[in-house]
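Descriptive analysis of the structure
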Amino acid sequence: MMCAEIDSIKQQIQNLRAEIERHNYQYYTLDAPLIPDAEYDKLFVSLQHLERAYPQFLTEDSPTQRVGATPLKEFTQIKHAIAMLSLNNAFSDSDVEAFDRRVKEALLKDSIEYVAEPKFDGIAVSLRYENGILRTGATRGDGEVGEDITLNLKTIRTIPIVLPQKNYPPLLEVRGEVLMLKADFLALNERQARKGEKIFANPRNAAAGSLRQLDSKITASRQLTFFAYGVGECVDTALPTSTQHSVLNYLLSLGFPVAQEVKVVAGMKGLLSYYQSIGQQRENLPYDIDGVVYKVNALRDQEQLGFVSRAPRFAIAHKFPAQEALTQVLDISVQVGRTGALTPVARLQPVFVGGVTLTNATLHNLDEIIRKDVRVGDTVVVRRAGDVIPEVASVIMEKRPQNALIFQMPPHCPICHSHVVRLIDEAVFRCTGGLFCLAQRKQAILHFSSRRAMNIEGLGEKLVDQMVDQAIVRTPADLYRLGLAALVNLERMAQKSAGNILQAIEKSKQTTLARFIYALGIRNVGETTAKDLAKYLGNLDRLIAIDEIHLQQIPDIGPVVAQSIINFFAESHNREVIEQLRASGVHWAEHEGKLLHADSILPLSGKTFVLTGTLATMSREQAKEKIETLGAKVSNSVSKKTDYVIVGSDPGSKHDKAVSLGVAILNEDELMILLNKVQSVS
Ligand code: IVH
């Protein structure tokens, strides 16, 4: 090929990479995509194709390398050029006051300007860019030596692989925190539960577990994100040298995510009001934090203050109150949930944790009680984190009294006395009473009206208890038949509050399909699945009528979830309640669904594949079957209409033909990535 042609291909590859990274930034960092997903996929496949045809141009900094690489045997160690230190902690206002005083005295100033930042509860990492390209990424480790997790960090879409053409220094080390957003954490656990795999205790554990994978493809399949908070080693002068705040703005301009909550504040007053304000926002932030960090803003002052025993004098972490405490288990009782699941709950000696007094903590299920070996009388660590239900984390064995009692599941439901059963393969015991069981009925109503479902404001536990006990409400449909007279007869229900409840019920009639499906409380259908069902099917009648096979064509819906949905709608009682709800005026906008006909739900329908050569992990027959189950056709010959040619080792002339026609060529790994991807599109 002519030199000029080769040059133009190289240029084309470079342009595609820049274009793809620009869209990555728009989509993942700014949350403001410029083009539809399908257009993005096209760019991506074109780049993959060119890189396969011209492997001499494939480089480590290509966005195609974000999907994960060959698994490692072990992590290698990386020595940090500048140690990654930790922060001293302040647990009270007076600790902060002492810090501010020390700073003022050392700098001989009356008032100090600080930058206040959230303290991310994730994993500290260092990213080294040489000439604008991400070369190595490492964990903090012991501060001196960390682990090389470059391949894993490259899979995180909010971490730039190439810095934009700006005046970046020849060597720049960016430091920050890798974390998993709360929403991604909930979705991950929902997926893990469906697949019967490990459930993570909190977003931090999920992020740590995802980042410390020898197989970067696993990391790539998890939604991780990154926030920059500082600079480590840096050669050259492009970096702003005046303030921490300008450093953060500089990092932002290079495409790094920086917390929006960062603020320049003055003196003690500024620090404490920031702490309060972030404390109030904490539950609503998209990520977990365990405090805030204050840093002297002027870099020259930082330098002057320096470090003392492994922590800077110019910064401090102001932690939120501890989320764990020790207390005693007074008793273990069981609570009956919406689906009849019996949850053992520890009744505690009241204890103050993270701003509230706890009297109960969940023990999850019998397996967990056995695993942690919790007994009545034990001294335990209880933990609460964010919106998560407080739990018993562990037992202090040394404090176990002689007469500590082992817990046993009751054979009958404590509420309705129906039999308690444990299904094969299930961790939980269940009451068999169904809606005959008042506990299940109450929970069903509470779930139906909860904030993320029908959002009926003011319909709390006490009220629902009374309504169900007095048989005013038996099913969710009964809520829409309530009148003022029935309500004012209830305890502590004045005319005005009864009116408010009726208004809230009326307001809830206008809802969305996703909320309505979620509100029905179908087993194994959480919020994410409900949203998927609404998105793919578009209307309720299609959901009621759909069969198991078609249901499973919706990404992320497997046999277990499909079966639960079928079972739910097979009950005539459930269909009746839905009809009554619609008749009372509960409504939502319907649409055609993401794909028009049930038959075309398959994610690859309309696409044509051709296979050539020998595949390593499966026979061609098996590959054909996989592709066809996703709706695509597998053909024997390559034409202009072929969408993808899959190439194994020793490919035949089909490969050459694909190259000459410009058809996308994928190897086996890329095929698997594509199949996994279309299976999991949300
Ligand atoms: S600055 C020399 N800023 O907290 C001090 N650290 O206890 C460098 N962390 O391992 C740290 N959010 O991973 C800084 N906004 C923030 C932070 C932050 C979280 C973590 C960091 C470090 C630990 C120190």
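What this report covers is the structure whose coordinates are included nearby. Computed from a predicted structure; not experimentally measured.

**A short note on the overall build of the chain**
Across its full length, the chain holds 25 helices and 24 strands. Over its C-alpha atoms the chain spans a radius of gyration of 29 Å, differing by no more than 12% from the 26 Å that the globule rule assigns to 682 residues. With the principal axes as the frame, the chain shows a C-alpha extent of 85 × 80 × 55 Å. In the chain, which comprises 682 residues, the share counted as buried stands at 48%.

**As for the packing of aromatic side chains**
Summed over all chains, the structure comprises 14 aromatic pairs. The interplanar angle of 25 degrees and the centroid separation of 6.1 Å between the aromatic rings of Tyr40 and Phe44 together place this pair among those described as stacked. Taken as a pair, Tyr40 and Phe44 lie in helix H2 (residues 37-53) at a separation of 4 residues, close to a single helical turn. Take Tyr40 and Phe44: they sit in the same class, and that class is buried.

**Some details on the site of the ligand**
Around the ligand there are 13 residues in total, and Glu117, Ala124, Glu177, Tyr229 and Lys295 lie nearest to it. Here an oxygen atom of the ligand sits 3.4 Å away from a polar atom, N or O, in the main chain of Leu87. Note that an oxygen atom of the ligand is positioned 2.9 Å from one of the side-chain N or O atoms of Tyr229. Within the complex, the protein chains bury 85% of what would otherwise be the 520 Å² of accessible surface of the ligand. Secondary-structure elements contributing two or more residues to the shell around the ligand are strand E3 (113-120) and strand E10 (289-296). When residues of the shell around the ligand are assigned to their parent elements, the largest contribution, 4 residues, is made by E3.

**Details of the environment of Val577**
Note that Val577 resides in helix H22 (residues 572-583). Since its relative accessible area comes to 11%, Val577 is described here as buried. Sequence separation between Val577 and Pro476 is 101 residues; the distance between their C-alpha atoms is 7.4 Å. Setting aside anything within four residues of it in sequence, one finds Val577 in contact with Thr475, Pro476 and Ala477.

**Here we look at the pairing of strand E14 (residues 324-336)**
Across 5 bridges, E14 lies against strand E17 (residues 379-383) in antiparallel orientation. Paired with Ala325 across the strands is Val382, a residue of E17. Sheet analysis places E14 next to strand E15 (residues 341-353), joined by 7 bridges and oriented antiparallel. Looking across to E15, one finds that Ser333 is bridged to Val345.

**Some points on the packing of helix H3 (residues 93-107) against helix H9 (residues 267-281)**
Where H3 meets H9, the axes come as close as 10 Å, and the angle between the chain directions of the two elements is 145 degrees. The hand of the H3/H9 crossing is right-handed. For the pair H3 and H9, contact is made by Asp93, Val96, Glu97 and Asp100 and by Met268, Leu271 and Leu272, respectively. Within the contact of H3 with H9, the residues separate by chemical class into 4 nonpolar, no polar and 3 charged.

**A closer look at helix H16 (residues 495-508)**
Taking 1.5 Å of rise per residue, the 14 residues of H16 would be expected to cover 20 Å, and the 20 Å separating its terminal C-alpha atoms lies within 8% of that figure. All buried positions along H16 are accounted for by Ala498, Ile501, Ala504, Ile505 and Ser508. For H16, the arc enclosing every buried residue in end-on projection is 120 degrees, short of the 170-degree limit, so these residues lie on one face. Along H16, the residues that are exposed and aim more than 90 degrees away from the buried face are Gln495, Lys496, Gln503 and Lys507. Contact partners of the buried residues in H16: helix H13 (461-469), helix H14 (476-479) and helix H15 (484-488).

**Looking at the sheet that holds E3**
With mixed pairing, the 5 strands of this open sheet are ordered in space as E2-E13-E10-E3-E9. This sheet does not close on itself; its edge strands, each paired only once, are strand E2 (89-90) and strand E9 (263-266). Summarising the sheet, E3 and E10 pair through 7 bridges and their orientation is antiparallel. Bridge assignment links Ala116 to a residue of E10, and that residue is Tyr294. Docked against the sheet, H9 engages E3, E9, E10 and strand E13 (315-319), running at close to 135 degrees with respect to E9.

**Structural notes on the sheet that holds strand E22 (residues 633-635)**
With parallel pairing, 4 strands are arranged side by side in an open sheet as E22-E21-E23-E24. Both edges of this open sheet fall to E22 and strand E24 (664-666), since each of them pairs with a single strand only. Shown here is a sheet whose adjacent strand axes are inclined to one another by a mean of 30 degrees, direction ignored. Where strand E23 (residues 644-647) lies against E24, 3 bridges are found, and the strand directions are parallel. Bridging from a neighbouring strand, Val645 pairs with Ile665 of E24.

**A closer look at unusual backbone geometry**
Despite not being glycine, Asn131 shows a phi value in the positive range, around 50 degrees. Residue position: Asn131 is located in the loop between strand E4 (123-130) and strand E5 (133-139). Of note, Asn455 is a non-glycine position whose phi angle comes to about 55 degrees, a positive value. Counting through the fold element by element, Asn455 comes out in the loop between helix H12 (438-449) and H13. Residue classification places Asn455 among the partly exposed residues on the basis of a relative accessible area of 34%.

**Section: the side chain of Asn24**
Position of Asn24 relative to the elements: it lies in helix H1 (residues 3-29). Given the relative accessible area of 1%, Asn24 is considered buried. Apart from the residues lying within four places of it in its own chain, the contact partners of Asn24 are Thr29, Tyr40, Pro63, Arg66 and Arg157.

**Details of the packing of H1 against H2**
Close contact between H1 and H2 brings their axes to 10 Å; oriented N to C, the two are set at 145 degrees. Helix-helix and strand crossings are classified by hand; for H1 and H2 the assignment is left-handed. From H1, Gln12, Ile13, Leu16, Arg17, Glu19, Ile20, His23, Asn24 and Tyr27 reach across to H2, where they touch Asp37, Tyr40, Leu43, Phe44, Ser46, Leu47, Leu50 and Glu51. Its residues placed into classes, the contact of H1 with H2 shows 9 nonpolar, 4 polar and 4 charged.

**Some details on the pattern of salt bridges**
In total, this model carries 34 salt bridges according to the counting rule given. Measuring nitrogen to oxygen at the nearest pair gives 3.3 Å for the salt bridge that ties Glu368 to Lys372. You can see Glu368 and its partner Lys372 sitting in helix H11 (residues 366-372), 4 residues apart, about one turn around the helix. The same class applies to Glu368 as to Lys372, namely buried.

How each quantity is defined
For every chain, the first residue of the written sequence is number 1, and numbering continues from 1 along that sequence. At least 70 in pLDDT is required for a residue's local features to be given in this predicted model, at least 80 for side-chain atom pairs to be given and counted, and no such filter applies to totals for whole chains, interfaces and linings, which use all residues. Just so you know, side-chain values use all the structure's heavy atoms and leave hydrogens and water out. Helix and strand definitions follow DSSP, with helices as H or I runs of at least four residues and strands as E runs of at least two, each counted in order from the N terminus. We compute the radius of gyration from the C-alpha atoms alone; for a globule the expected value is 2.2 Å times N to the 0.38, where N is the number of residues. For each residue, the accessible area found with a 1.4 Å probe, counting protein chains only, is set against the maximum for its type, and the residue is called buried under 20%, exposed over 50%, and partly exposed in between. Note on ring pairs: Phe, Tyr and Trp rings are taken, using the six-membered ring of Trp, and paired if centres are within 6.5 Å. Classes follow the plane angle, with under 30 degrees stacked, over 60 edge-to-face and the rest tilted. Nearness here has a simple test: a residue counts as near a molecule or strand if at least one of its heavy atoms is within 4 Å of that partner. Pairing of N or O atoms within 3.5 Å defines a polar contact, subject to two protein rules: one partner must be a possible hydrogen donor and the other a possible acceptor, and residues neighboring in sequence count only if both atoms are side-chain atoms. Accessible surface area values rest on a Shrake-Rupley calculation with a 1.4 Å probe, where residue burial reflects the displayed protein chains alone. Contact definition: two residues touch when any of their heavy atoms are within 4.5 Å. Strand pairing is defined by DSSP finding a minimum of two bridges between the two strands. For helices, the fitted axis covers only the stretch in contact; all axes are lines through C-alpha atoms, and the angles between them, taken along N-to-C directions, range from 0 to 180 degrees. Handedness of each helix crossing follows the sense of rotation of the near helix against the far helix: counterclockwise by less than a right angle gives left-handed, clockwise gives right-handed. Basically, the charged four are Asp, Glu, Lys and Arg, the nonpolar ten are Ala, Val, Leu, Ile, Met, Phe, Trp, Tyr, Cys and Pro, and anything else, Gly included, counts as polar. One fewer than the residue count of a helix, multiplied by 1.5 Å, yields its expected span. This arc is built from the directions going out from the helix axis to the C-beta atoms. When a carboxyl oxygen of Asp or Glu lies within 4 Å of a side-chain nitrogen of Lys or Arg, that pair is called a salt bridge.

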